[in-house]
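Listed below are the residues making up each chain.
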Amino acid sequence: MAVPVESEAPGGRDVVGAVLKACTLLGHFSADRPAWTLNDLTVASGMNKTTVFRLMATLIQAGWVDRTDEGGYRIAMPVFEIGSAALSKLDIRAAAKPFMSDLATTFGNTAYLMVPAEQGAVCIDLLEGRNSLVVAGINVGSVMPYHAAAGPVVMLAHSEALRDRWIGENLPAITDRTITDPDRLVEHLDEIVEAGYSLSNSDYLPGVAAVAAPILGRDGSVVASISVGGRAEEFQDDVLAAKIEKVRNAGARITRIVQALPR
């Protein structure tokens, strides 16, 4: 009598078909559907019921799946641990990239991601829009003073430590619109915290405006800023309002992502 042989899985002889099928079953579990019955999982996977039962029994033995009180299946802790390990590799650039792309595409300006450092705000990423040449003076790696431009200023506003270290007499005037008076700067920073965003216009580069929002860590400390910058005439009226709303939303959403990352 011929012995039935399991068909070779797509991908060649190096692929173990049973493992591939088990991974397919695990792929059906999600936040929207965290638990499955044997019957439902059989229908959804299109596999033989006996095969599904045996694979799930194996996953239970391995500790990847648990039984529910109702006799169904749910993902066990090791899967979440692996997910956390993957999240730990997600850095702030990766978290911010989709939002920067959206800003650059929507408005045609350049989106920036900056982080605080000892000597100033450091631009660690940027995405150019269709009107990007005007702000070519800011590149990845540029270090900017905290009291000028929207991205650095919004970080200064949300950090008492930066304020204590940076604000003082003899702040340099980058342009004739840079705020250098300490009292006036503190007032400006307090207004930024209240509003949730910063707006700059020609205080770092003449004719260039920007909108920025803070990205905050678990403890409320500022870890970065996201901003969009371009020609000053493109930051007026309804267009400016739209940029403020979108930048604030981006900062809030990235903040939630950053705060959800494993310690």
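Keep in mind it's a predicted model, so treat the numbers as computed, not measured. Within each chain, residues carry numbers counting from 1 in the order of the written sequence. For a predicted model such as this one, the threshold for reporting local features is a pLDDT of at least 70, and the threshold for listing and counting side-chain atom pairs is 80 or more; totals across whole chains, interfaces and linings nevertheless cover every residue. Only hydrogens and water are set aside; all other atoms, that is, all heavy atoms of the structure, feed into the side-chain values.

Enquirer: Pulling in residues and values, what's your account of the overall build of the chain?
Expert: Looking only at helices and strands, the chain has nine helices and nine strands in total. Looking at the 263 residues of the chain, the share that counts as buried comes to 43%. In this description, contact between two residues means that some pair of their heavy atoms is separated by no more than 4.5 Å. The long-range fraction of contacts in the chain, counting pairs at least 24 apart against all pairs at least 6 apart in sequence, stands at 53%. Shrake-Rupley sampling with a 1.4 Å probe provides the accessible areas, and residues are treated as covered by the protein chains on show and by no other component. In the structure as shown, the chain presents an accessible area of about 14500 Å², 53% of it carried by carbon and sulfur atoms. To qualify as a helix, a DSSP run of H or I must reach at least 4 residues; to qualify as a strand, a run of E must reach at least 2; elements of each kind are numbered from the N terminus. Exposed residues in this analysis have more than 50% of their type's maximum accessible area, buried residues have under 20%, and partly exposed residues fall in between, with area computed by a 1.4 Å probe over protein chains only.

Enquirer: For the sheet that holds strand 1 (residues 35-36), give the residues involved together with the corresponding values.
Expert: What links the strands of a sheet is backbone hydrogen bonding, and the strands pair in either a parallel or an antiparallel sense. A pair of strands is considered paired only if DSSP assigns at least 2 bridges between the two. Across the sheet, three strands lie side by side as 1-3-2; this open sheet has antiparallel pairing. Single-partner strands in this sheet number two, and they are strand 1 and strand 2 (65-67).

Enquirer: Got a sec to walk through the packing of aromatic side chains? Specific residues and values, please.
Expert: Geometry of aromatic contacts follows a simple scheme: Phe, Tyr and Trp rings, the Trp one being its six-membered ring, pair when their centres are within 6.5 Å, and the pair is stacked under 30 degrees between planes, edge-to-face over 60, tilted otherwise. Overall, the coordinates contain one aromatic pair when judged by the stated rule. Measuring from centroid to centroid gives 5.1 Å for Y146 and W166, while their planes differ by 90 degrees, and the two rings are edge-to-face. One end of the pair, Y146, is in the loop between strand 6 (143-144) and helix 6 (150-157); the other, W166, is in helix 7 (residues 160-166), and 20 residues separate them in sequence. Only Lys NZ and Arg CZ are tested; either one counts as a charge over a ring when it is within 6 Å of the ring centre and within 35 degrees of the ring normal. If you follow K243 out to its NZ or CZ, it ends over the ring of F235, 3.7 Å from the centre.

Enquirer: Would you mind going over the environment of D125 in detail, with residue names and values included?
Expert: Turning to its location among the elements, D125 is positioned in strand 5 (residues 121-127). On the basis of relative accessibility, which here comes to 10%, the residue D125 falls in the buried class. Sequence separation between D125 and A96 is 29 residues; the distance between their C-alpha atoms is 9.3 Å. Setting aside its immediate chain neighbours within four residues, D125 contacts R93, K97, M100, A111, Y112, L113 and V140.

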